[in-house]
Amino acid sequence: MRPLTPFRRPGPRTRSDPAPSRLAYRMQRLALTPSVRRGFTLGMPAFAVAVIGALALASPERRAGLVAHAAAMQEAVRSRKEFLVHEMRIAGASDGVGAEIAARLDVEMPVSSFDLDLADLRARVLALDAVERADLRVRPGGVLDIDVVERVPALLWRRADGLTALDRAGKPVGAVAARADRADLPVISGRGADRAAGEALALVAAAAPLDARLRGLVRIGERRWDMILSDGQKIKLPQDDAVDALERVLEVDRARDLFARHVVLVDMRLPRRPTVRLHPDTARDLRQVKLTGLGDD
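Report follows, based on the coordinates. This structure is a prediction, so every number in the text was calculated from the model and none was measured. (Residues numbered from 1 in each chain as written. Predicted model: local features only at pLDDT ≥ 70, side-chain atom pairs only at ≥ 80, totals over all residues. Heavy atoms only, no water.)

Taken together, the five bridges between strand 2 (residues 87–91) and strand 5 (residues 143–150) define a ladder with parallel strand orientation. In the sheet register, A91 faces strand 5, and the bridge partner there is D147. Here strand 4 (residues 131–139) pairs with strand 5 via eight bridges, running antiparallel. Looking at strand 5, one finds that R133 is bridged to V149. The turn linking strand 4 back onto strand 5 is made up of three residues, and G141 within it adopts a positive phi angle of 100°. (Pairing = 2+ DSSP bridges. Helix = DSSP H or I, 4+ residues; strand = E, 2+ residues; numbered from the N terminus.)

Here it is as structure tokens:
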């Protein structure tokens, strides 16, 4: 029988070239490039997710549902009992200041700790004149702790609208109804007296020997002090080195009992030329004595 395919004589076998084609080589090199590999491994999945998300959020109803679901989850977390504040404790404040702080904050309990703006609450507390420092924190157990440091009154500042207590830095502490309510505090007056509270306290401390006779200090021209004593006596102090000038006056008083005499004014505004003014009746009597003595001669 004859075969269906023509008979071919065996010849020498030819081997195919194992090297890739130029296009295949370039594609392999491109696939090995780091940026291309990252693009396929990261960029393509991210692009696919973005496309799917955009298609999913294209519907307004679906977007509204997602927003409502997120709000419900947020509210569920906020309202958990672990985050609720049930109590407010104020430490370091007197009864009156504590009541004023509670009224100023006006926080309705219970409230979620996420809804408490501690910075704003602290600013409200510091807005009170009587408060120097305040620290607020939410402690475990749902307690809002407010640690307060009150200003300590050191002076009374007499103004046209009444008396105001000041601390050592001249910061207002609060209004005082009457002088008798804080008879232990020295009184200052005059425009700008609060800005010189430190110097006023130094003068009061230096005038300790005259404490029983000291009535107060008056700021003159926002630059110097007049010290007012009982019986209308006055010491005019200089603008500079007022404490040193007052100590010189006190030395003379200790040596010669200056203020036990009929002295109305001691003027130390010119420290090199201090001036003493006597009561008019006393000055007239002394003048009469001198004239009498001259007449006898």
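After presenting the structure, the write-up continues.
This part takes up the sheet that holds strand 4. Spatial strand order, 2-5-4: three strands in an open sheet with mixed pairing. With one partner strand each, in any of the chains shown, strand 2 and strand 4 form the two edges of the open sheet. Averaged over all pairs of adjacent strands, the angle between their axes in this sheet comes to 15°, without regard to strand direction. Across the sheet, helix 4 (residues 95–105) touches strand 2, strand 4 and strand 5, and the angle it forms with strand 2 is around 140°. Against the sheet, helix 5 (residues 118–126) touches strand 4 and strand 5, its axis set at about 150° to strand 4. (Axes fitted to C-alpha atoms, helices over the stretch in contact; angles between N-to-C directions. Contact = heavy atoms within 4.5 Å.)

Our focus in this paragraph is the packing of helix 4 against helix 5. Where helix 4 meets helix 5, the axes come as close as 10 Å, and the angle between the chain directions of the two elements is 135°. On the basis of their axis angle, the class for helix 4 and helix 5 is oblique. Considering the relative orientation of helix 4 and helix 5, their crossing is right-handed. Residue-level inspection shows I101, R104 and L105 of helix 4 in contact with helix 5, the latter providing L121, R124 and V125. (Parallel < 35°, antiparallel > 145°, perpendicular 65-115°, else oblique. Left-handed = near helix turned anticlockwise from the far one by under 90°.)

On to the packing of helix 6 (residues 197–206) against helix 7 (residues 242–256). Between helix 6 and helix 7, whose axes approach to 10 Å, the crossing angle comes to 15°. Judged by the angle between their axes, helix 6 and helix 7 are roughly parallel. The crossing of helix 6 and helix 7 is right-handed. The residues of helix 7 that touch helix 6, namely those facing E199, A202, L203 and A206, are A242, V243, L246 and L250.

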